[in-house]
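As a plain string of letters, each chain reads:
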Amino acid sequence: MRKNPKKRAQNMKAKQRANITFRMNILFFSIFVLFTMLILRLGFLQIVKGEDFTRELARTEEVPVNTSVPRGRIFDSEGRIMVDNLPQRAITFTKMQTTKSEQMYEIAEILSKLIEKNAKGITKSDLQDYWLRKYPEEALELVTDEERKKIAADETIDKKDLNREIDRLTRSRITEEQLNSFSPEELEIIAIYREMASGYALSPQIIKGDDVKEEVTVEEFARVSERLSDLEGVNTTTDWRRVKTSSLAILGSTTLPKVGIPKDRLDYFLSRDYSRNDRVGTSYIEQQYEEVLQGQKSVVKNITDGKGRVIDIQTVFEGEPGKDLVLTMDSEIQLAHEAILAEELLNLSKNYGAQYLKNAYFIMLDPYTGEVLSLVGKRIDKNEKTGIKEINDYAFGAFTNAYEVGSTVKPGTILTGYREGVYQIGSYLIDEPIRIKGSEPKSSVFNRSGSIRLNDLQALERSSNVYMFKTAFGVAGSTYRPNQSINFGTDAFLKMRSGYAQLGLGALTGIDLPGEVTGSTGGYEDGKLLDLSIGQFDTYTTLQLAQFVSTLANGGNRIQPHVVKEIREPSKDGIRLGKVVKEMTPTILNTVDNTREEIERVRQGMKQVYFGSRGTARGAFADAPFTGGGKTGTAQASYFDADLWRTFGTVNLTHVGFAPYDNPEIAYALVIPHASVESVYKTNYSTPIARRLVDKYFEIKQKNNAKATDDSTSSSLIKPAFTNAKIDEEETE
């Protein structure tokens, strides 16, 4: 039976339709899956990764710009300005990523007609750049085609260095006559271009206004302001100069914009979003508190077109001035102490035998808070022009120079004797010349040949060397016997130095200033242990001595000294200080391993130094209107005379003290190194100088306390500087 051809055709069409429907379903399902994946992916990017991409976009578009925000100011403890910012007119240029050198030359030519620019900073390279631009055809002829081919054929030269080698050769053939052919007007253009080219993209570069000797005049400022629309990237603005009202060196210094970040710290600052031409602190307070004093730059967002060119700049953050510092020092007291020490140093330098006297240092601390109330260092220099002696500030020497300090360490020796069980409070020892086999006798100044029975108080009062020598014997586990040899070992040195370090001698004090030194530690030679016990072996800084006596004054806590009292927000009205951001609180570094009774016993001995019938400082302090305690010191030292190529024996004079006795308000240390050659030394000049410095402190405090009683104004008011001095930042460069 034959099949129906029509029916078979219908079946085939049905199969085709079913096949097409199946394929269409697969296609629609695939499209559905793809759209679902796309939606999920978009959701993932927007919801999960959205914040990351937003941050990345902000990072690439929002750029910190080196706007001229004022650096934080520095005030004394009474709110008087010590370091200020002086506003000044400035003309700047901001280079974009797409700015070409030709554009900058064109702008420089226009600016040269609007301002006067000193050409003193132009280099030979700057002149060559301008000549190459002005005479491009002549420049091409300086290197022949043969020479170019020879350079290109040199396999030792990379392809990327070919043009550099040709440029080097071209520059070497520009004659001095050609470089000296430019007119004064052209030199001015070169000087302006030099400033413009030295900047970095989006970092305003000062064209004129960062040199105190080349200020922007009112007329120049107005002329440039009128033409800003024709000068792309140029702006007229206000810059700031750092001005001090005190010559105190520890205030520190900053770089100028034309210097910018020091090369040795470039990577450090660039990693913290600084620009290369930013002002930065280079020493002492300005350096230590750089991150506080440095203001926050403004942040801008670049709007670009499809080709990546910047077509608009929007400000995202306006920037903020740096925070202010309030110091622990009262300018009036500081300056009074500076004047006294300068006067005394100059007078002492006139004494016979004082040819090696150069410096003197004085530090006064609050023994309970560590606040530095006065930090003075003076140095004798000879004026290069007049040849006359002059006194200059050398305050940083008080913590960067160390000396043998003599008997001022003896309270520490006594405490070490207590701690190591050498003796107890009130123990008596015989003061007698110490005779060690093979050595010259060692004795106390007041007893060169006899035998005197002394207790611990009397040993401090009269400054017995022998009491300290016998303490050293005990610390070493030995007993003194005349004409015997000694063998102490290293443990005794370690114990003695550990005892001193607990009080602050031979250890960093932790002051908030860079550059502090620990002094030098001698070796372990047996006989030197005796010298160590009277301060004539290891060396210490004046600041360490001040921390040492502060620890004794407050009962045994070694407090970290600091020169900054508060960090404050910038003043909003220029009348009152800003609100306190951070107040520096006392930091106890360690507590001495002695009992309160032992420390008090040493304090009593120091009181007798001032007021005892045989106290070594009685002559200067017995009639003092305040109570207190102290210790005098002299130390044998040496000075190398480079002119005579000889070393001379000299004497260092020192003094430490605290007052009042029951509740000490101040602790102080005075060091006068190489005060006299040893052969003519007669008396310790440091004690009357210390009395004069302490008297001046109490005099000023009493006067100001009386004035404060009658004055109801807030202590947070900004007050004018104590002097009219104005020291520009450029004068310290």
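Residues numbered from 1 in each chain as written. Predicted model: local features only at pLDDT ≥ 70, side-chain atom pairs only at ≥ 80, totals over all residues. Heavy atoms only, no water.

Below, the discussion takes up the overall build of the protein chain. Summing up its helical and strand segments, the protein chain has 24 helices and 23 strands in all. The C-alpha radius of gyration computed for the protein chain amounts to 38 Å, which surpasses the reference 27 Å derived for 733 residues by more than 25%, pointing to a less compact arrangement than a globule. Along the first, second and third principal axes, the C-alpha set of the protein chain runs to 150 × 95 × 70 Å. The 733 residues of the protein chain split such that 48% are buried. In the protein chain, the proportion of contacts linking residues at least 24 apart, taken out of those at least 6 apart, comes to 73%. (Helix = DSSP H or I, 4+ residues; strand = E, 2+ residues; numbered from the N terminus. Rg over C-alpha atoms; globule rule 2.2 N^0.38 Å. Buried < 20%, exposed > 50% of the residue type's maximum accessible area, 1.4 Å probe, protein only. Contact = heavy atoms within 4.5 Å.)

Here the focus is the pattern of salt bridges. Applying the stated rule across the entire model yields 38 salt bridges. With a shortest N-O distance of 3.5 Å, D381 and R379 are connected by a salt bridge. Using a relative accessible area of 26% as the deciding quantity, one classes D381 as partly exposed. Accessibility expressed as a relative area gives 29% for R379, which makes it partly exposed. The residue K696 makes a salt bridge to E699 at a minimum N-O spacing of 3.3 Å. Within this pair, K696 and its partner E699 are both found in helix α24 (residues 686–710), separated by three residues, close to a single helical turn. Residue classification places E699 among the partly exposed positions, given a relative accessible area of 46%. Through salt bridges with shared partners, a single ionic network connects D76, R80, D330, E332 and K703. (Salt bridge = Lys/Arg side-chain N within 4 Å of Asp/Glu carboxyl O.)

What follows is about a nonpolar patch on the surface. On the surface, I20, M24, L27, F28, I31, F35, L38, I39 and L42 cluster together into a nonpolar patch covering about 880 Å² of accessible area. Here F35 lies in helix α1 (residues 5–48). (Patch = residues over 30% accessible without salt bridge, like charges linked within 9 Å, V, L, I, M, F, W, Y side chains within 5 Å. Areas by Shrake-Rupley, 256 points an atom, 1.4 Å probe, with all protein chains shown as cover.)

This prediction gives the protein chain a mean pLDDT of 88; 90% of its residues lie at or above 70. Within the model, pLDDT remains below 50 along residues 57–61, and this stretch shows four contacts once partners closer than five positions in the same chain are excluded. (pLDDT = per-residue confidence, 0-100.)

By secondary structure assignment, the location of F32 is in helix α1. Judged by relative accessible area, F32 falls into the exposed class, the value being 54%. Linking F32 and E525, residues 493 residues apart in sequence, is a C-alpha distance of 92 Å.

Here the focus is the packing of helix α6 (residues 145–153) against helix α7 (residues 162–172). Where α6 contacts α7, the axes come no closer than 10 Å and their chain directions differ by 140°. Between α6 and α7, the crossing angle belongs to the class labelled oblique. For the pair α6 and α7, the crossing hand works out as right-handed. Between α6, through E147, R148, I151 and A152, and α7, the contact on the second element is made entirely by L162, E165, I166 and L169. Residue composition of the contact of α6 with α7, grouped by class: five nonpolar, no polar and three charged. (Axes fitted to C-alpha atoms, helices over the stretch in contact; angles between N-to-C directions. Parallel < 35°, antiparallel > 145°, perpendicular 65-115°, else oblique. Left-handed = near helix turned anticlockwise from the far one by under 90°. Nonpolar A, V, L, I, M, F, W, Y, C, P; charged D, E, K, R; others polar.)

The next subject is the nonpolar core. If you look at the biggest cluster of nonpolar residues, it comprises 79 residues, and the most contacted ones within it are I250, I285, L375 and L529. Sequence-distant contacts of L529, defined by excluding residues within four places in its chain, comprise A472, A476, F488, A492, F493 and M496. Judged by nonpolar contacts, the second largest core, of 36 residues, contains I340, L348, M364 and A617. (Core = buried A, V, L, I, M, F, W, Y, C linked by side-chain atoms within 4.5 Å.)

Our next topic: a positive patch on the surface. A cluster of basic residues, K350, K358, K382 and K389, forms a positive patch at the surface. Locating K389 in the fold gives a position in strand β11 (residues 389–393). (Lys, Arg positive; Asp, Glu negative; His and termini not counted. Charge placed at Lys NZ, Arg CZ, Asp CG, Glu CD.)

Let's shift gears to the packing of aromatic side chains. Under the defined criterion, the tally for this structure stands at 26 aromatic pairs. Taking the centre distance of 5.4 Å and the plane angle of 55° together, the rings of Y423 and Y467 count as tilted. Of this pair, Y423 sits in the loop between α16 (410–419) and β13 (428–431) while Y467 sits in helix α18 (residues 465–475), placing them 44 residues apart in sequence. On the basis of an interplanar angle of 85° and a centroid distance of 5.4 Å, the ring pair of F493 and Y524 is categorised as edge-to-face. Of the two residues, F493 is situated in helix α19 (residues 490–503) and Y524 in the loop between α19 and α20 (528–533); the sequence distance between them amounts to 31 residues. Y524 sits in the partly exposed class, given a relative accessible area of 42%. An aromatic cluster is built from Y284, Y361, Y394, F396, F399 and Y403, whose rings are joined through pairwise contacts. One residue, R453, lies across the ring of Y428, its end atom 4.0 Å from the ring centre. Lying over the aromatic face of Y661, K607 brings its terminal NZ or CZ to 4.7 Å of the ring centre. (Phe/Tyr/Trp six-rings, centres within 6.5 Å; stacked < 30°, edge-to-face > 60°. Lys NZ or Arg CZ within 6 Å of the ring centre and 35° of its normal.)

Look at the link from A659 to P660: it is a cis peptide, with omega at -15°. Here P660 lies in the loop between β21 (646–659) and β22 (666–677). The backbone of Y284 sits at a positive phi, close to 50°, despite the residue not being glycine. Note that Y284 resides in helix α12 (residues 284–288). For W645, which is not a glycine, the phi torsion comes out positive at approximately 55°. Mapping W645 onto the fold places it in the loop between β20 (629–641) and β21.

By the element assignment, G121 lies in the loop between α3 (101–112) and α4 (124–134). On the accessibility criterion, G121 (39% relative accessible area) is partly exposed. G121 sits 394 residues away from G515 along the chain, and the two C-alpha atoms are 33 Å apart. Beyond its immediate stretch of four places on either side in the chain, G121 contacts D126 and R194.

This paragraph deals with helix α21 (residues 542–553). Here α21 spans 16 Å end to end across twelve residues, near enough to the 16 Å set by a 1.5 Å rise per residue. Of all twelve residues that make up α21, twelve are buried, and the element is covered over most of its length. Buried within α21 are the following residues: T542, L543, Q544, L545, A546, Q547, F548, V549, S550, T551, L552 and A553. G555, located one to two residues past α21, shows a positive phi value of around 100°. (Expected span 1.5 Å × (residues − 1).)

It is worth spelling out the packing of α4 against helix α9 (residues 184–197) at this point. It is the contact of α4 with α9, at a shortest axis distance of 10 Å, that shows an interaxial angle of 110°. On the basis of their axis angle, the class for α4 and α9 is roughly perpendicular. Seen along the crossing, α4 lies across α9 with a hand that is right-handed. Only E186, L187, I189, I190 and R194 of α9 make contact with α4, whose side of the interface consists of D126, L127, Y130 and K134. Across the contact of α4 with α9, the residue classes tally to five nonpolar, no polar and four charged.

The next point concerns α9. Here α9 contains 14 residues, and its C-alpha end-to-end distance of 20 Å stays within 8% of the 20 Å for a straight helix at 1.5 Å per residue. All of the buried residues in α9 are E186, E188, I189, I190, A191, I192, Y193, E195 and M196.

One can find S407 in the loop between β12 (402–403) and α16. Of the residues examined, S407 reaches a relative accessible area of 8% and is grouped as buried. For S407, the side chain forms a polar contact with the side chain of K410, separated by 3.0 Å. What S407 contacts, discounting residues up to four positions off in sequence, is S463, N465, I534, K631, T632, G633 and T634. (Polar contact = N/O pair within 3.5 Å; in protein donor to acceptor, adjacent residues only side chain to side chain.)

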